[in-house]
Amino acid sequence: MGKICLCLTAKTIKQNLEILNKYRKFTDLAELRVDCLDPDERLHIRRFPELAGLPVILTIRRDIDGGYFTGGEGARVKLLANGLAYANADSRFNFAYVDIEDDFEVPSLEEAARTFGTRIIRSYHNLDGVINDIPAKMKAMSRAGDEIIKLAFSVKSTTDVLRVFKASKALKGQDKIMICMGHYGIYSRILAEKFGSFLTYSSALSEDETPGASGQMDVRELAELYRFRKITKQTKVYGIAGYPLKASISPWFFNTVFNLQNTDAVYVPFPVNSIADFFELAKELDVQGISITVPYKEAVIPYLAKSSSVVQSIGACNTLLRNGSEWLGDNTDYTGFSASLLKFLDRKNLRFKKITIIGAGGVARSVAAVIHQYGGKALILNRTVHKARNIASLYNFRWGGLDSHGIQSMSKYCDIIIQTSSVGMEGYEEVDPQPNPSHMDAGSHLDPLELYTFSGKEKVMDLVYTPAETPFLKRAAAAGCKTINGYDMVIRQACLQYAIYMGAEVPHQHLSRIKTMGANAWNKIRSG
Ligand code: ATR
């Protein structure tokens, strides 16, 4: 079973001990990042293992390896020697591990470490990306004794993560730590056990300390939500694939249910930039079920061996179930959305209702199909007009752009307004590469309908749920409109996914607990 290592990156020994004490129950070992300490504090590291009371890694990370140590190598050797000096016969008073880079050549120091039972972590960091021949590098790094090999790469794609995974799998019987730094590698940190890693590094992110490296997860999140210490080779893996995936509530939902049910399963975020490589990785990791989100709901369809009638008629898929070596596709947005909308409106159908749909992506396809099914008429407005037309033409709806002309057409379609685009979603601004139309000002990346003035009579639904109230929804509510965000819908569709993955419903008592926790529950857990 993997271990959780808490990276201590505070400026003083005292602060580090305070953080360690606060998160001790989530921590198996700590890494003292001497490079983050104030220079005066660095002189007092020798007693740290004794004060910490658990195994500690001594690390002085150079700036070229992503750390903060900018002094010369001589000064670093001196500090390392200071940390390893006066070794105590009781090994609990010594550093349990010392991190020494692959190009570090000071035999006397290594000798001292070995003599007193301090295990060497032989590390190699590459901040530029993944090297070509990882297995050869690993072989070259293997030395005598019981050293642990650590390779840390900044990963920039799904392909990079796949390469690291395959290399790790090839080198069996060697204690190693394989790290995919950066957002694309986030699940490799949760699934360290599957990646063959001896430990995973984490940070106390809620303490406002610098994370030890890019992509490190919060120690509490890792231990409590993902139940990292219970993940074994047998644990079933599920997850959500998309990008940017910073605002998805699904990992919280599924892991909370797994936890309440005591199911040996974990659900992880898979930030993805290549669907083809992701399917290969999913096979390698033996992933059982995958939720699909922005922007891949349409792109996954060619990879399905079978798809439900809803997927076939709508042309969007948000649920994949593994069946041997094949994937079966379903769509739970459709039912989740229709149930949520009808409850919000307190109606059984949409007859005589004129509705505007904002956006023409994967989820808009489900929304349009539901409106058609329940007898409503719609106008679809989208930044990319031909996508609005494509969907509208399936149901004889109207379409337009998010410009003044499109907004004018809304006067006849304003009983209900449904916002399906990613605009306003947390983390979204960082990723959308497309410029907005020239009429939109600088703030429009948060409100797709800013040219529209609400009368107060519209019923408004924004399918975004993080933040709980987007600028668009806030404006509608301020004008007197009845509003709802996408939380109810996302929980409904997630329950349907759970039933597909697990072959059973989410137990009622768990569901009511989850519902009352609300859309911001996860953020609350995070901030402690
Ligand atoms: P989903 O599966 O949630 O529907 P998607 O298929 O990626 O996600 O669709 C995202 C939607 O948000 C699209 O309608 C997209 O418009 P484009 O088709 O023009 O890309 C819309 N969207 C994203 N960013 C936008 C922005 N800045 N302004 C207006 N619409 C935007």
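In case you missed it, the structure is sitting above this.
This structure is a prediction, so every number in the text was calculated from the model and none was measured.

**Things to note about helix α3 (residues 73–84)**
Item 1. A rise of 1.5 Å per residue sets the reference length of α3, with its twelve residues, at 16 Å; its end C-alpha atoms lie 16 Å apart and thus fit the reference within 8%.
Item 2. Where α3 is concerned, the buried positions are Arg76, Leu79, Leu80, Gly83 and Leu84. Here the buried residues of α3 occupy an arc of 130 degrees about the axis, which is enough to place them on one side. Exposed and oriented more than 90 degrees from the buried face of α3 are Gly74 and Lys78.
Item 3. Summarising the contacts, the buried residues of α3 are in contact with β3 (56–59), β4 (97–101) and α4 (107–115).
Item 4. After α3 finishes, the residue tyrosine 86 shows a positive phi value of roughly 45 degrees.

**Some points on the environment of serine 307**
Item 1. Its location among the elements puts serine 307 in strand β13 (residues 306–307).
Item 2. Overall, serine 307 belongs to the partly exposed group, its relative accessible area being 27%.
Item 3. Between the alpha carbons of serine 307 and leucine 328 there is a distance of 5.6 Å; along the sequence they are 21 residues apart.
Item 4. Among all residues touching serine 307, those that are not within four sequence positions of it are Gln312 and Gly329.

**Re the packing of helix α5 (residues 134–141) against helix α6 (residues 158–170)**
Item 1. Contact geometry for α5 and α6: axes closest at 9 Å, N-to-C directions at 45 degrees. Between α5 and α6, the angle falls in the class oblique. Remark: the crossing between α5 and α6 carries right-handed chirality. On α6, the residues that touch Ile134, Pro135 and Met138 of α5 are Arg163, Val164 and Ala167.
Item 2. Residue composition of the contact of α5 with α6, grouped by class: five nonpolar, no polar and one charged.

**Let's talk about the packing of helix α9 (residues 250–261) against helix α17 (residues 487–502)**
Angle between the axes and distance between the axes: these two values describe a pair of packed helices.
Item 1. α17 packs onto α9 with a crossing angle of 50 degrees between their chain directions and a minimal axis gap of 10 Å. Considering the angle they form, α9 stands oblique to α17. Considering how the two elements wind past one another, α9 and α17 form a crossing that is right-handed. Across the interface between the two elements, Trp252, Phe253, Phe254, Val257, Phe258 and Gln261 of α9 pack against Tyr487, Ile491, Ala494, Cys495, Gln497, Tyr498, Tyr501 and Met502 of α17.
Item 2. Tallied by class, the residues present in the contact of α9 with α17 amount to twelve nonpolar, two polar and no charged.

**Describing the sheet that holds strand β11 (residues 265–271)**
Item 1. The strand order across the open sheet formed by six strands is β11-β10-β12-β14-β15-β13, and the pairing between neighbours is mixed. Two strands lie at the open edges of the sheet, namely β11 and β13, each paired on one side alone.
Item 2. Across seven bridges, the pairing between strand β10 (residues 236–242) and β11 is parallel. By the bridge assignment, valine 237 is partnered in β11 with valine 266.

**Some details on helix α13 (residues 362–373)**
Item 1. Here α13 is twelve residues long and its end C-alpha atoms lie 17 Å apart, about the 16 Å a rise of 1.5 Å per residue gives.
Item 2. Among the residues making up α13, those that are buried are Gly362, Val363, Ala364, Arg365, Ser366, Val367, Ala368, Ala369, Val370 and Ile371.
Item 3. The first or second residue beyond α13 is glycine 375, which carries a positive phi of 90 degrees.

**Digging into the nonpolar core**
Soluble globular proteins tend to pack their nonpolar side chains together in the buried interior.
Item 1. One finds Ile134, Phe253 and Phe270 to be the most contacted residues of the largest nonpolar core, which totals 111 residues.
Item 2. With seven residues, the top contributor of residues to this core is α17.
Item 3. If near-sequence neighbours (up to four positions away) are discounted, phenylalanine 253 is found in contact with Ile491, Ala494, Cys495, Val506, Leu511 and Ile514.
Item 4. By size, the runner-up hydrophobic cluster in this structure holds 32 residues, among which are Leu342, Phe344, Ile355 and Ile380.

**Overview of the sheet that holds strand β19 (residues 416–419)**
Item 1. Across the sheet, which stays open at both edges, the six strands sit in the order β18-β17-β16-β19-β20-β21 with parallel pairing between neighbours. A strand with exactly one partner marks an edge of an open sheet, and here the two such strands are β18 (398–400) and β21 (482–484). Put simply, the sheet's adjacent strands are angled 15 degrees from each other on average, direction ignored.
Item 2. Where strand β16 (residues 354–358) and strand β17 (residues 377–381) come together, five bridges link them in parallel fashion. In the strand pairing of β17, isoleucine 355 is matched with alanine 378.
Item 3. The strands touched by helix α14 (residues 385–395) are β17 and β18; relative to β18, the strand with the most contacts, the crossing angle is about 175 degrees.
Item 4. Against the sheet, helix α16 (residues 471–478) touches β19, β20 (459–462) and β21, its axis set at about 165 degrees to β20.

**A short note on the packing of aromatic side chains**
Aromatic ring pairs are reported here in terms of the distance separating the ring centres and the angle at which the planes meet.
Item 1. Under the definition given, this model contains 21 aromatic pairs.
Item 2. Geometrically, the ring pair formed by tyrosine 238 and tyrosine 501 is tilted, given 5.5 Å between the ring centres and 40 degrees between the ring planes. On the criterion of sequence distance, the pair formed by tyrosine 238 in strand β10 and tyrosine 501 in helix α17 is long-range, its members being 263 residues apart. Each member of the pair, tyrosine 238 as well as tyrosine 501, carries the same accessibility label: buried.
Item 3. When the centroid spacing of 6.3 Å and the interplanar angle of 50 degrees are considered together, the rings of phenylalanine 254 and phenylalanine 258 count as tilted. Linking phenylalanine 254 with phenylalanine 258, this pair stays in helix α9, spanning four residues, or about one helical turn. Of the two residues, phenylalanine 254 and phenylalanine 258, both sit in the buried class.
Item 4. Across the ring face of tyrosine 124, the terminal group of lysine 137 is positioned such that the distance to the ring centre comes to 4.4 Å.

**Focus: the pairing of strand β6 (residues 148–154)**
Item 1. The element β6 is largely enclosed, with a buried count of seven among its seven residues.
Item 2. The pairing of strand β5 (residues 119–126) with β6 spans six bridges and is parallel. Among the inter-strand pairings, asparagine 126 is bridged to a residue of β6, identified as phenylalanine 153.
Item 3. Where β6 lies against strand β7 (residues 176–181), six bridges are found, and the strand directions are parallel. Counted as the bridge partner of serine 154 is methionine 181 from β7.
Item 4. One crossover worth recording links β6 to the parallel β7 by way of α6, and it is right-handed.

**Here's the deal with the pattern of salt bridges**
Item 1. Evaluated as defined, the whole model comprises 32 salt bridges.
Item 2. Among the salt bridges present, the one from lysine 22 reaches glutamate 207, with a minimum N-O distance of 2.7 Å. With lysine 22 in helix α1 (residues 13–23) and glutamate 207 in the loop between β8 (199–203) and β9 (217–218), this residue pair connects regions lying 185 residues apart in the sequence.
Item 3. The exposed category is assigned to lysine 22, whose relative accessible area is 54%.
Item 4. Residue glutamate 207 is classed as partly exposed on the basis of its relative accessible area, which comes to 22%.
Item 5. Two residues, arginine 61 and aspartate 99, come together in a salt bridge whose shortest N-O distance is 3.0 Å. A residue pair is termed long-range when its members are at least 10 positions apart, and arginine 61 in the loop between β3 and α3 and aspartate 99 in strand β4 qualify at 38 residues.

Calculation criteria
- Residues numbered from 1 in each chain as written.
- Predicted model: local features only at pLDDT ≥ 70, side-chain atom pairs only at ≥ 80, totals over all residues.
- Heavy atoms only, no water.
- Helix = DSSP H or I, 4+ residues; strand = E, 2+ residues; numbered from the N terminus.
- Expected span 1.5 Å × (residues − 1).
- Buried < 20%, exposed > 50% of the residue type's maximum accessible area, 1.4 Å probe, protein only.
- Arc of directions from axis to C-beta.
- Contact = heavy atoms within 4.5 Å.
- Axes fitted to C-alpha atoms, helices over the stretch in contact; angles between N-to-C directions.
- Parallel < 35°, antiparallel > 145°, perpendicular 65-115°, else oblique.
- Left-handed = near helix turned anticlockwise from the far one by under 90°.
- Nonpolar A, V, L, I, M, F, W, Y, C, P; charged D, E, K, R; others polar.
- Pairing = 2+ DSSP bridges.
- Core = buried A, V, L, I, M, F, W, Y, C linked by side-chain atoms within 4.5 Å.
- Phe/Tyr/Trp six-rings, centres within 6.5 Å; stacked < 30°, edge-to-face > 60°.
- Lys NZ or Arg CZ within 6 Å of the ring centre and 35° of its normal.
- Right-handed = clockwise from strand over helix to strand, strands pointing away.
- Salt bridge = Lys/Arg side-chain N within 4 Å of Asp/Glu carboxyl O.

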